[in-house]
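Listed below, chain by chain, are the residues.
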Amino acid sequence: MSQPLVGMDLADLREALGPSQPRYRAQQLYEAIYRGEASDFVQISTLPARMREDLAARHVLGLPEIARRYESLDGTRRYLLRLDDGRTVETVLMPEGERDTICISSQVGCPVDCKFCMTALLGLERSLTAGEIVGQVLLVARDIRLKKDRGLRREGGRLNIVMMGQGEPLLNLENVVKATGILLDPGGFGLSPRRITVSTAGIVPKIEELGREPVRPKLAISLNASTEESRRELMPITRKYHLTDLMAACRAYPLRPWEKLTFEYVLLKGVNDTDADARRVVKLLANLNCKVNLIALNPGPGIPYETPDPQRVAAFQEIVRRSMPCFVRKPRGLDIFAACGQLKRVEG
């Protein structure tokens, strides 16, 4: 089976080309894949034709295939992507003026089993490779360029990446770190570290491991409850990683001077949305350099919870933002099952 090039870093590409090739050839190939957005070897015009033929004989670029594209009334796009082994995964594009946000997946399905999330109903099939993670970004970035007839300005903040799709990124940390390294490399995809965020349900040892990485994305924590008992019921993963341990890991996490931790909180009607919950959230996050994103539940088949009224969401937000920045995330793509917690490969 031909080895894919997408997902290889510069050192990998040097090895793939072999010691007989000048080092600058690997750099040209690296830039063509990640900055030139080449979709086949013919387009890599910086390389000699003979070298391109040799690469094509031994490798494939390795981009996923767009199996279906769904367009929302609000401009959101949900992509059903087919991988080499036939499995599918979802990626979401959320355009907003001159800014585009791509929500990517790290696994096929998810092992965490959050009770308010449709992806949990899939279970886990497998983790994605670094190439399959990066490939989602390359594919959607090309789609943006083709549909908007303009280039992407990565460094200036026009493009954001959030790893909040299917899967638990920190349970696939090796591939997530390699993929984000390519996306953040100025010689690779060229994103600013301010423009990529990885979200975790709270895998405490992996949070500590991520904090030791010299090149890393921003970190978001999916909190969703104000007490140990409630979080254990909503997010069974916390039976292993307790709330007190999670808060200790967050306090120890090495933030950069410009950085805040983000805490995400899905509000469920009558379950975790009371004023008392809000006050406990404030107490939990006291003395942390952080912000809170509130998400009123995005409903879906098989989810046994309801969305709280807007007034309840506003009251919860008001209590929290007296002590720290707190925002309500606007749902995007509800009509095509593209909103947060709805990614379940819905093909209707």
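Our structure is the block above this text.
Throughout what follows, the structure given in this document is the object of discussion. Since this is a predicted model, take the numbers as computed values, not measurements.

## Examining the pattern of salt bridges
Part 1 of the argument: A complete count under the given rule lists 23 salt bridges for this structure.
Part 2 of the argument: Where Arg58 meets Asp54, a salt bridge forms, and the shortest distance between an N and an O atom there is 2.9 Å. Residue Arg58 and its partner Asp54 are both found in helix α3 (residues 49–58); the two are separated by four residues, about one turn of the helix.
Part 3 of the argument: For Arg58, a relative accessible area of 34% gives the class partly exposed.
Part 4 of the argument: One network of salt bridges, in which partners are shared, links Asp85, Arg87, Glu125, Arg126 and Glu132.

## Overview of helix α1 (residues 10–17)
Part 1 of the argument: Within α1 the residues assigned to the buried category are Leu10, Leu13, Ala16 and Leu17. Taken around the axis of α1, the buried residues stretch over an arc of 115 degrees, which confines them to a single face.
Part 2 of the argument: Where α1 is buried, its residues contact α2 (23–34), α3 and β2 (59–60).
Part 3 of the argument: In this structure Asp9 caps α1, since a side-chain oxygen of it lies 3.3 Å from the backbone nitrogen of Ala11.

## Topic: the nonpolar core
Part 1 of the argument: With 102 residues, the main nonpolar core has Leu29, Ile33, Ile102, Phe116, Met247, Phe263 and Leu285 as its most contacted residues.
Part 2 of the argument: The dominant element in this core, judged by the number of residues it contributes, is helix α4 (residues 130–148), at nine residues.
Part 3 of the argument: If we ignore the near neighbours within four places in the chain, the residues touching Ile102 are Thr91, Val92, Leu93, Val137, Val140, Ala141, Ile144, Leu159, Asn160, Ile161 and Val162.

## Concerning the sheet that holds strand β11 (residues 218–222)
Part 1 of the argument: The strand order across the open sheet built from 10 strands is β3-β4-β5-β6-β9-β10-β11-β12-β13-β14, with neighbouring strands paired in mixed fashion. This sheet does not close on itself; its edge strands, each paired only once, are β3 (65–71) and β14 (326–328). Taken pair by pair, the neighbouring strands of this sheet meet at an average axis angle of 20 degrees, ignoring direction.
Part 2 of the argument: Alignment of β3 against strand β4 (residues 77–82), held across six bridges, turns out to be antiparallel. Bridging across to β4, Tyr70 finds its partner in Arg78.
Part 3 of the argument: With respect to the sheet, helix α5 (residues 173–184) is in contact with β9 (159–163) and β10 (196–200), its orientation differing from that of β10 by roughly 165 degrees.

Reading the values: rules and limits
Residues numbered from 1 in each chain as written. Predicted model: local features only at pLDDT ≥ 70, side-chain atom pairs only at ≥ 80, totals over all residues. Heavy atoms only, no water. Salt bridge = Lys/Arg side-chain N within 4 Å of Asp/Glu carboxyl O. Helix = DSSP H or I, 4+ residues; strand = E, 2+ residues; numbered from the N terminus. Buried < 20%, exposed > 50% of the residue type's maximum accessible area, 1.4 Å probe, protein only. Arc of directions from axis to C-beta. Contact = heavy atoms within 4.5 Å. Polar contact = N/O pair within 3.5 Å; in protein donor to acceptor, adjacent residues only side chain to side chain. Core = buried A, V, L, I, M, F, W, Y, C linked by side-chain atoms within 4.5 Å. Pairing = 2+ DSSP bridges. Axes fitted to C-alpha atoms, helices over the stretch in contact; angles between N-to-C directions.

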